[in-house]
Amino acid sequence: MTVKRQGTDELLGLNKFVVDEENAHIVIEKDICAKCQNKACLVVCPASVYKLNEDGEIIFDYAGCLECGTCRIMCQDKGIRQWKYPDGTLGVSFRCG
Ligand code: SF4
């Protein structure tokens, strides 16, 4: 019997997202993020939704968020102005395959 192992990207691709286009459940404060030396969000987010643009600024798309809360805990400079779960049935649905 052969067991096929799945990579992280493959497993993340199984998840289903219903994005609230009107209300972001995470809101960041770009002025604070620009001054942050640590930028832990770039490293700790398992979905890699935080990235740096060519000017070295944080860019962020909450649409692929896994709602783990790690960025909220690790952000030391209060760059995350709001973190809450998406309303109702919106957000991520995990599918383990
Ligand atoms: S809650 Fe988790 S998955 Fe969502 S943006 Fe923060 S670290 Fe990434």
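Remember, it's a predicted structure, so these values are computed and weren't measured experimentally.

About the cut-offs
Residues numbered from 1 in each chain as written. Predicted model: local features only at pLDDT ≥ 70, side-chain atom pairs only at ≥ 80, totals over all residues. Heavy atoms only, no water. Near = heavy atom within 4 Å. Nonpolar A, V, L, I, M, F, W, Y, C, P; charged D, E, K, R; others polar. Salt bridge = Lys/Arg side-chain N within 4 Å of Asp/Glu carboxyl O. Helix = DSSP H or I, 4+ residues; strand = E, 2+ residues; numbered from the N terminus. Buried < 20%, exposed > 50% of the residue type's maximum accessible area, 1.4 Å probe, protein only.

**Q** Sorry if this is basic, but what is going on with the site of the ligand here?
**A** For the ligand, the set of nearby residues contains 13 residues, the closest of which are Cys45, Cys65, Cys68, Gly69 and Cys71. Here the shell around the ligand is composed, by residue class, of ten nonpolar, two polar and one charged.

**Q** Please explain the pattern of salt bridges as it appears in this structure.
**A** If the charged atoms of two oppositely charged side chains come close together, the side chains can form a pair. Going through the model one piece at a time under the given rule, you end up with two salt bridges. A salt bridge links Arg81 to Glu29, with the shortest nitrogen-to-oxygen separation between them at 2.7 Å. With Arg81 in strand β5 (residues 80-83) and Glu29 in the loop between β2 (26-28) and α2 (30-35), this pair connects stretches of sequence that are 52 residues apart. On the basis of relative accessibility, which here comes to 57%, the residue Arg81 falls in the exposed class. Residue classification places Glu29 among the partly exposed residues on the basis of a relative accessible area of 26%. Among the salt bridges present, the one from Lys84 reaches Asp87, with a minimum N-O distance of 3.7 Å. Owing to a relative accessible area of 31%, Lys84 belongs among the partly exposed residues under this scheme. Overall, Asp87 belongs to the partly exposed group, its relative accessible area being 42%.

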